[in-house]
Amino acid sequence: MSEQSAQSFTGRHRERTTKKSVLVADRVARGIITVGGIGTILAVLGVAVFLIYVVAPLFLPAKVDGFRAFDPDAAGGALYVDVDEYRTLGWMLRGDGSVEVYRLDNGELRYREQVVENVTASSFLISGELAAFGLADGSVQLNEIGFDTEILNADSLPEEIVAELDDHDPGFLSNYENGIVEKTPQGQYRVQQLGIELVKKRQVATGPVVAIEHVIGPDGPLVVALAGGDTVGGDRVGGDTVDAGASGEPVVDVAVVDDAAAGAAASDAEIADAVVAAEDADAAPAIDIESVLAQVGETQLYFIEGREDSNFLTGRTTIEFLDPITLPIEPFPADRRPAHIAVAGTGNGMYVAWDDGELMRIDTTEGFDVAYVAERGRLIPEGNTLTVFDFVLGNNTLVWGDSAGTVSAGFPVRSTDIEDPDAAPVLFDVERDPRATSTFLRTKQLKGPGGAAASALSSSERSRMILAGFDDGGVRMYNITNASELSRGSLPVAETIHHIVMAPKEDGMAALTGGQLYNTSLDPRFPEASFKALFLPVWYEARAEPQHIWQSSSATDDFEMKLGLIPLVFGTLKATFYSMIFGAPLALLAALYTSEFLEPKVKAVIKPGIELMASLPSVVLGFLAALVFAPFVEKIVPAVLAGFITVPVAFLVGAYIWQMVPPRLTILYSHWRIFFVLLTVPLGVFLASVFGPIAEEIFFAGDIKQWLAYNGEPGVESPFADATGGWMMLWLPLSALIVGLVLGRVVDPIMRTKSSDWDRGTFALVDAGKFLVAVVAMIGLAWAVSAALSMLGFDPRGSYIDTYVQRNSLIVGFVMGFAIIPIIYTISEDALSTVPSHLRSASLGAGATPWQTATRIVIPTAMSGLFSALMVGLGRAVGETMIVLMATGNTPVLDLNIFEGFRTLSANIAVELPEAVRDSTHYRTLFLAALTLFVMTFVVNTIAERVRLRFRKRAYQL
């Protein structure tokens, strides 16, 4: 208990005692406030820590485990290797056309089958099981080669296999039929085997196929073959197609028939015996492929199109080949035979390359029968050798490596999109056909390990990630989109890597050298995310230059993810700017008028009414903006733009008219002054509806939206070409500022000197005339400057104004400004009202007017509170979600255009987070967007607090 003696105003002494209940309540309140404050700080820090925890893995490097190796049979060489999605089995295509299946844990041979005879060339898709083979007799053969996965019950497996799997942990492998079986962590029995099926065989040319490439087109497979001899038509001998189940059955099937009773898997000895027996019995005589290819003379490019036909009753899909087409390209002599061919996209382009780095890009957009050489040049500097050449996922970005160890990438872009062709990274010594509408650009360059030649490439089936193998055993993992090196490593021995493959799930890889097959686990983590990809311009496919783009999803699996956060940050700042430029001045001026000029009785009604505006849910405001305001404004755009001039001018005209009213009446009706002036607002709206269409006719050729969309077609005269109207929109505010400064610095001092002996009516009349002259000067200055800029060829379209979109920044600025007005108004009015009244009295007593007192005494004193109000309103605008989500169109573009929408960080999180896969790159990038928003507001509020404290310190000195 606290006691103290005090003397009352009567002079009598009395004891004052604080009740115990008051002390207890005071301590409880102090404790609650302390706990609440500390809890708030900890909650904010907890949010920051959680966001960092989720985001941090985006920037961790990829992880590669140690390599495991086994020694497969080296006979016949290898043309291709691949692994299954669970990294339990791998298969290898031999040079003799046979396929071998190995267990990846111990290298055990599980299966061998002769798929094709006398193969001279092969082609495999990045994603898909369709393989194409070129044969020595000029035929093309398609096969489905891929792993078949089947989930079986324990009753469907031999008892001894089930018992063996049950005795081991999940993941243990056991041989079964031609593959393996394993027990999954979910208790299921998963069988993996390689499935091989002949799809189609077709004679293309009379000579051997030297190189072959295929893609999947809109109607079926498209095959391009480089072969010698003449074209074989559909009506000639050898032109018949061969289907699976006819003569296209596998030539040698060395699968050992299982013992149905015992269910035992074939042993290595049984497989070897079966292979020998099959080769002795059925195998066709082998030919020397190298000798055949060495004797090939002139070669020609051939195209053959396959058409898929699905039977909806049986579910079977068949492929029919059309007659081969000889590409209208000059044949290649024997001493200048291409080393690589590649088909882009779905057959809309083609590339032919030689070992010295020369590239021929063939345009096939109008069809292979009218193809032409669009560009010729070299991919690599003179003196280097082209060693690897392939596409990444999507078949749009070409990747190549050379003998200097450099891995590069490029793609064609529309020539009209290239602003400076002389500075564009085109081919070396390029020659371009005048008909070509696109240009091939060398957009990415990645360095290899110390000059070792690149010897193998493999593209991921899921993303723009590749593996590169080098001739010193080095392995590099790159992300092509952002040109970043994800990891580097080396095989245990410094041998040339002939083939390399990435597992379908991007969680492993296999590399084949001259004698051993190596495999390992890898974790690329989040290859699409890096500081460059998130915050710097990135050179995306089909773009003429690096750009900031956000596009996290698409309708196709080969989509190139674009995760640039800058468009979202820009959209957030754009929304904040337009909402603050509309709402902040109105809120501050309203607070100033309410505090300094409004009658207390009226203030008691007006202030709660404005504060009630804050109770409107933002989703309601967004709904009104999207479905009411935006369609309405679209119909009357000229009147709305004119209203930004006519309404303020009409309001000021009303104020000048009030000045001309006799003093006796102004004093009598001073309480109604604001309502009288407000009567001019409908006049301003009416004038906007009148002058808007007139201005549209004069400055915008009668249609402002068509004027905004005009792109300046060269050589075509158009009434929309005149840019004066656009410059007027930008220069009118600047002209008003310039004229206002001239009036304040030049005209007003002269008027004060000359008006010393004027009466009130004369001064009011002259002041009104000055205002009307200022309006005319403002419009005249804006028109003169705008006309001059238009005559000089400058056009504002494409910058602050451009194509009109219904849901745009203008609508958002108005609606979000309406949303932030109450909070800025309330805090500002409270700050102004707390300014000590003796400061006002002293100013008024010294002869200052109420306006001078408000601007020179009250506002500086309350500046810290006013600044706090602005910062709170800014935070409200930055974090707004529903209004921008519903009223902007959600277009993540970097565009200053006031008639274009945008996408903010908060709206993007609200839209995409529910659909993002947990812990994916997209998911964590959305949390990075939240962290970015957190940092932005934290930095702004920190700076604002320091400024506020400075203002407060100065206010205390008054």
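Now for a description of the structure that goes with this document.

About the thresholds
Residues numbered from 1 in each chain as written. Predicted model: local features only at pLDDT ≥ 70, side-chain atom pairs only at ≥ 80, totals over all residues. Heavy atoms only, no water. Salt bridge = Lys/Arg side-chain N within 4 Å of Asp/Glu carboxyl O. Helix = DSSP H or I, 4+ residues; strand = E, 2+ residues; numbered from the N terminus. Buried < 20%, exposed > 50% of the residue type's maximum accessible area, 1.4 Å probe, protein only. Pairing = 2+ DSSP bridges. Expected span 1.5 Å × (residues − 1). Bend = angle between axes of the 7 residues up to and from the residue. Polar contact = N/O pair within 3.5 Å; in protein donor to acceptor, adjacent residues only side chain to side chain. Axes fitted to C-alpha atoms, helices over the stretch in contact; angles between N-to-C directions. Parallel < 35°, antiparallel > 145°, perpendicular 65-115°, else oblique. Left-handed = near helix turned anticlockwise from the far one by under 90°. Contact = heavy atoms within 4.5 Å. Nonpolar A, V, L, I, M, F, W, Y, C, P; charged D, E, K, R; others polar. 1 Å grid on protein atoms, 1.4 Å probe; cavity = no way out; pocket = protein on both sides within 12 Å on 5 of 7 lines; lining within 4 Å. Points joined across faces, edges and corners; volume = space filled by probe spheres on them. Patch = residues over 30% accessible without salt bridge, like charges linked within 9 Å, V, L, I, M, F, W, Y side chains within 5 Å. Areas by Shrake-Rupley, 256 points an atom, 1.4 Å probe, with all protein chains shown as cover.

1. Focus: the pattern of salt bridges
1) Next: Scanning all chains against the criterion turns up 32 salt bridges.
2) Next: Arg361 is the partner of Glu375 in a salt bridge, and the nearest nitrogen-oxygen pair spans 2.7 Å. Highlighted residues: Glu375 in strand β25 (residues 372–378) and Arg361 in strand β24 (residues 358–363), separated in sequence by 14 residues.
3) Next: Taking the relative accessible area as the measure of exposure, Glu375 reaches 0% and is therefore buried.
4) Next: The class of Arg361 is buried, set by a relative accessible area of 5%.
5) Next: It is possible to trace a salt-bridge network through shared partners that takes in Arg94, Asp96, Glu100 and Arg112.

2. Overview of unusual backbone geometry
1) Next: The phi angle at Asn118 is positive, at roughly 55°, despite the residue not being glycine.
2) Next: Counting through the fold element by element, Asn118 comes out in the loop between β8 (109–114) and β9 (119–124).
3) Next: Although it is not a glycine, Asn890 adopts a positive phi angle of roughly 55°.
4) Next: When you line up the elements, Asn890 lands in the loop between α20 (882–887) and α21 (905–912).

3. What to know about the pairing of β25
1) Next: Judged by how many residues are buried, β25 sits mostly within the fold: five of seven residues are covered.
2) Next: In the sheet, β25 pairs with strand β29 (residues 428–432) via three bridges, with the strands oriented antiparallel. When the sheet's bridge partners are listed, Glu375 is paired in β29 with Arg432.

4. Concerning helix α16 (residues 809–833)
1) Next: Its 25 residues place the ends of α16 34 Å apart at the C-alpha level, agreeing with the 36 Å of an ideal helix rising 1.5 Å per residue.
2) Next: When the local axis directions of α16 are compared, the greatest deviation, roughly 35°, occurs at Ile820, which is followed within four positions by the proline Pro822.
3) Next: Along α16, 19 of the 25 residues are buried, which leaves the element largely enclosed by surrounding structure.
4) Next: Measuring from the backbone nitrogen of Leu810 back to the side-chain oxygen at the start of α16 gives 3.0 Å, which picks out Asn808 as the cap.

5. A word on the packing of helix α9 (residues 637–659) against helix α15 (residues 760–791)
1) Next: Relative orientation of the contacting elements α9 and α15 amounts to 165°, with a least axis distance of 8 Å. The angle between α9 and α15 falls in the class roughly antiparallel. Handedness of the crossing formed by α9 with α15: left-handed. The segment α9 lies against α15, with Val649, Leu652, Val653, Tyr656, Trp658 and Gln659 engaging Arg760, Ala764, Asp767, Ala768, Phe771 and Val775.
2) Next: Looking at the contact of α9 with α15 residue by residue, the classes come out as nine nonpolar, one polar and two charged.

6. Points about the sheet that holds β25
1) Next: Taken in spatial order, the five strands make up an open sheet running β22-β23-β24-β25-β29, and their pairing is antiparallel. Taken across any chain shown, the strands that pair with only one partner, and hence form the sheet edges, are β22 (340–344) and β29. Across the sheet, the mean angle from the axis of one strand to that of its neighbour is 15°, orientation sign disregarded.
2) Next: Here β22 runs beside strand β23 (residues 349–353); their pairing, made up of five bridges, is antiparallel. Paired with His340 across the two strands is Ala353, which belongs to β23.

7. Section: empty space enclosed by the protein
Over the atoms a probe the size of a water molecule is rolled, and this reveals where empty space is left.
1) Next: Enumeration according to the criterion identifies four cavities of 30 Å³ or more in this entry.
2) Next: Taken as a whole, the largest cavity encloses approximately 60 Å³ of empty space.
3) Next: Around the largest cavity, the lining residues are Val64, Phe67, Leu467, Val475, Arg476, Met477, Ser487, Arg488, Gly489, Met509 and Leu522.
4) Next: At the level of secondary structure, the elements contributing two or more residues to the lining of the largest cavity comprise β33 (474–479) and β34 (484–490).

8. Concerning the sheet that holds β33
1) Next: One open sheet accounts for four strands, arranged β31-β32-β33-β34; its pairing is antiparallel. The open sheet has two edge strands with one neighbour each: β31 (454–459) and β34. Between one strand and the next, the sheet's axes are offset by a mean angle of 20°, whatever the strand orientation.
2) Next: Strand direction decides the pairing type here: β33 and β34, joined by six bridges, are antiparallel. Residue Gly474 lies in a different strand from β34, and its bridge partner there is Ser490.

9. As for the pairing of β31
1) Next: β31 sits mainly inside the fold: five of its six residues count as buried.
2) Next: As defined by bridge partners, β31 adjoins strand β32 (residues 465–470) across five bridges and the pair is classed as antiparallel. Paired with Ala454 across the strands is Phe470, a residue of β32.
3) Next: In sequence, β31 turns back onto β32 through a hairpin of five residues.

10. Thoughts on the packing of helix α7 (residues 600–612) against α16
For any two helices packed against each other, one specifies the crossing angle of their axes together with the interaxial distance.
1) Next: Orientation of α7 relative to α16, taken along the N-to-C sense of each, is 145°, at an axis distance of 8 Å. Counting all contacts with α7, which are made through Lys603, Ile606, Lys607, Ile610 and Glu611, the residues of α16 involved are Pro822, Tyr825, Thr826, Glu829, Asp830 and Ser833.
2) Next: For the contact of α7 with α16, the class distribution of residues is four nonpolar, two polar and five charged.

11. Details of a nonpolar patch on the surface
1) Next: Taken together, the side chains of Val619, Val620, Phe623, Leu624, Leu627 and Val628 define a hydrophobic patch exposed on the protein surface, amounting to about 460 Å² of accessible area.
2) Next: Relative to the helices and strands, Phe623 is located in helix α8 (residues 618–635).
3) Next: Assessed through its relative accessible area of 42%, Phe623 is described here as partly exposed.

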